[in-house]
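# Structure assessment
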Amino acid sequence: MNTNGNAGFDPRMIEDIVATLADKPGALMLVLHALNDRLGYLPVDSVPAIAKALNLSRAEVHGVISFYHDFRTAPPGRTMIRVCRAESCQAMGAVALADHIQARLGIKFGETSNDRDFTLEPVYCLGNCACSPAIVVGDALYGRVSPERFDEILFSMSRPERS
């Protein structure tokens, strides 16, 4: 996944993606997901190219991008942190955990840290209710996370691995 501004975006990428998906039902969503998967976000510069390729207005494309929370128009941080906000996790301390994480990282939900290390996102169930509160850091799922355990997870990420 490219996370360096628009460095990985090439309008020909849209043409390639559209060529394989334009005939399918829901082509706009398929194209948006494919580009989002390839780059990690949907560059604002891609909207006119997508609209033209699918014979849609820019407003239609922008409306879909802005409606769905899975799409972002800026590159995410190097590490995505997702905090479960569902009822089970809330009952087990996720609200205090979320407050702690936001204070520790200096960002709110939906934001990326200035150093581009972290993007923080809420999710509404990680399927780990028996081990609430739960978070995902990168690709790793953690359960029974307290503010102290979050700090340990964060600290372990900053230390080089020992062989």
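This structure is a prediction, so every number in the text was calculated from the model and none was measured.

As enumerated under the stated definition, the model contains five salt bridges in all. Among the salt bridges present, the one from Arg78 reaches Asp117, with a minimum N-O distance of 2.8 Å. On the criterion of sequence distance, the pair formed by Arg78 in the loop between α4 (58-67) and β1 (79-84) and Asp117 in the loop between α6 (94-105) and β2 (118-123) is long-range, its members being 39 residues apart. Since its relative accessible area comes to 54%, Arg78 is described here as exposed. Using a relative accessible area of 27% as the deciding quantity, one classes Asp117 as partly exposed. One continuous salt-bridge network, built from bridges that share partners, spans Arg72, Arg82 and Glu121.

All right, on to the confidence of the model for the protein chain then. On average, residues of the protein chain score 91 in pLDDT, and 92% of them are at 70 or above. Here residues 1-5 scores under 50 on pLDDT; set against residues more than four positions off or in separate chains, the count is 14 contacts.

Moving on to the packing of aromatic side chains. If you walk through the whole model with that rule in mind, you get two aromatic pairs. When the ring of Phe67 is compared with that of Tyr68, the centres are 4.8 Å apart and the planes differ by 85°; the resulting orientation is edge-to-face. A ring pair is formed by Tyr68 and Phe71, whose centres lie 6.3 Å apart and whose planes are at 80°; its orientation type is edge-to-face. Residue class for Tyr68 comes out partly exposed when judged on its relative accessible area of 36%.

What follows deals with the nonpolar core. One broad rule of soluble globular proteins: the nonpolar side chains tend to lie buried together. Leu32, Leu35, Ile50 and Val61 are the most contacted members of the largest nonpolar core, which has 22 residues in total. Mapped onto this core, the elements with two or more residues apiece are α1 (11-21), α2 (27-39), α3 (46-54) and α4. A total of six residues in this core trace back to one element, the largest contributor, which is α2. With 15 residues, the next largest nonpolar core counts Leu105, Ile135, Val145 and Ile153 among its residues.

A word on the packing of α3 against α4. Where α3 contacts α4, the two axes come as close as 8 Å, and the packing angle between them is 115°. For the crossing formed where α3 meets α4, the hand is right-handed. Counting all contacts with α3, which are made through Val47, Pro48, Ile50 and Ala51, the residues of α4 involved are Arg58, Val61, His62 and Ile65. The residue makeup of the contact of α3 with α4, split by class, is six nonpolar, one polar and one charged.

What counts and how
- Residues numbered from 1 in each chain as written.
- Predicted model: local features only at pLDDT ≥ 70, side-chain atom pairs only at ≥ 80, totals over all residues.
- Heavy atoms only, no water.
- Salt bridge = Lys/Arg side-chain N within 4 Å of Asp/Glu carboxyl O.
- Helix = DSSP H or I, 4+ residues; strand = E, 2+ residues; numbered from the N terminus.
- Buried < 20%, exposed > 50% of the residue type's maximum accessible area, 1.4 Å probe, protein only.
- pLDDT = per-residue confidence, 0-100.
- Contact = heavy atoms within 4.5 Å.
- Phe/Tyr/Trp six-rings, centres within 6.5 Å; stacked < 30°, edge-to-face > 60°.
- Core = buried A, V, L, I, M, F, W, Y, C linked by side-chain atoms within 4.5 Å.
- Axes fitted to C-alpha atoms, helices over the stretch in contact; angles between N-to-C directions.
- Left-handed = near helix turned anticlockwise from the far one by under 90°.
- Nonpolar A, V, L, I, M, F, W, Y, C, P; charged D, E, K, R; others polar.

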